[in-house]
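Here is how the chains run, residue by residue.
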Amino acid sequence: MEKTTTGPQGSLTIRTLAMPADTNPAGDIFGGWVMSQMDIAGAIAAVERVRGRVVTVAVEAMTFIAPVKVGDVLCVYTRIERVGTTSVTVGIEAWVRRNRLDDRQQVTEARFVYVSLDENGQKRAIAAE
């Protein structure tokens, strides 16, 4: 995944407010909370692409760039990077708007891999677009 300096790459998939309940002892937002928001956004993008159920099977190249602070608006952007026979790789970037203003800063980037499943929980081939 190439580092972005001009702005977010992909589609804005979710936005949420970082709250005090999600902090670590240092007062920053837990990395696990950020990662879970990214997984939710990635799954939304994957479901839309495969038109069905998906599960997370891997997280690749997770990089925490800057801390998320209480009061930041976390904006998660997604883009489909690869579609295989049964899996889809989603590039994900998390950006924050500090103090709920337009001052954006990238805080995290990663690739998540999802597998398409049928109604019985078995791998399902992904149809071509």
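Provided above is the structure to which this section pertains.
Here we summarise the structure given alongside this text. As the structure is a prediction and not an experimental result, all values here were calculated from the model. Residue numbers here run from 1 along each chain, matching the order of that chain's written sequence. Residue-level local features of this predicted model are given only where pLDDT is at least 70; pairs of side-chain atoms are given and counted only at 80 or more, and the full residue set underlies all totals for whole chains, interfaces and linings. Where side-chain values are given, they derive from all heavy atoms of the structure, hydrogens and water being excluded.

## So, unusual backbone geometry
The bulk of non-glycine residues show a negative phi, and the bulk of peptide bonds are trans.
Logical step 1: The phi angle at Arg51 is positive, at roughly 60°, despite the residue not being glycine.
Logical step 2: Strands are runs of DSSP state E lasting at least two residues, helices are runs of H or I lasting at least four, and both sets are numbered from the N terminus onward. Looking at where Arg51 falls in the secondary structure, it is placed in the loop between α1 (31–50) and β2 (53–64).
Logical step 3: Here the term buried applies to any residue with accessible area under 20% of the maximum for its type, exposed to any over 50%, and partly exposed to those in between, with areas from a 1.4 Å probe on protein chains only. For Arg51, a relative accessible area of 67% translates into the label exposed.

## Details of the pattern of salt bridges
For side chains bearing opposite charge, pairing can occur when the charged atoms are close.
Logical step 1: Between Lys or Arg on one side and Asp or Glu on the other, a salt bridge is scored when a side-chain nitrogen of the former is within 4 Å of a carboxyl oxygen of the latter. A full pass over the atoms with the stated rule returns six salt bridges.
Logical step 2: As a salt-bridge pair, Asp72 and Arg98 come within 2.3 Å of each other at their nearest N and O atoms. With a gap of 26 residues between them, Asp72 in the loop between β2 and β3 (73–83) and Arg98 in the loop between β4 (87–97) and β5 (104–117) connect regions that are remote in the sequence. Assigned by exposure class, Asp72 and Arg98 land together as buried.
Logical step 3: A salt bridge links Arg79 to Glu81; the shortest N-O distance between them is 3.4 Å.
Logical step 4: Take Arg79: its relative accessible area is 22%, and that puts it in the partly exposed class.
Logical step 5: What emerges from the salt-bridge pattern is a single network uniting Arg79, Glu81, Glu93 and Arg111.

## Considering the sheet that holds β3
Logical step 1: Paired strands, as defined in this entry, are two strands with at least two bridges between them according to DSSP. On the basis of which strands lie adjacent, the open sheet formed by five strands has the order β1-β3-β4-β5-β2 and antiparallel pairing. Two strands bound the open sheet, and with one partner strand each, they are β1 (11–17) and β2. Adjacent strand axes in the sheet meet at a mean angle of 25° when their direction is disregarded.
Logical step 2: In this fold α1 packs onto β1, β2, β3, β4 and β5, with an angle of close to 50° to the strand it touches most, β5. As a rule, the C-alpha atoms of each element are fitted with a line to give its axis, helices using only the stretch in contact, and angles between N-to-C directions run from 0 to 180 degrees. Contact between two residues is taken to exist if any of their heavy atoms lie within 4.5 Å; hydrogens are not considered.

## Side note on the pairing of β5
Both faces of the sheet carry side chains from a regular strand, because those side chains alternate between them.
Logical step 1: Of all 14 residues in β5, 11 are buried, a share of seventy percent or more.
Logical step 2: Of the pairings in the sheet, the one linking β2 to β5 comprises nine bridges and is antiparallel in character. In the sheet register, Thr56 faces β5, and the bridge partner there is Tyr114.
Logical step 3: In this sheet, β5 lies alongside β4 in antiparallel orientation, the contact comprising 11 bridges. Looking at β5, one finds that Ala94 is bridged to Thr108.

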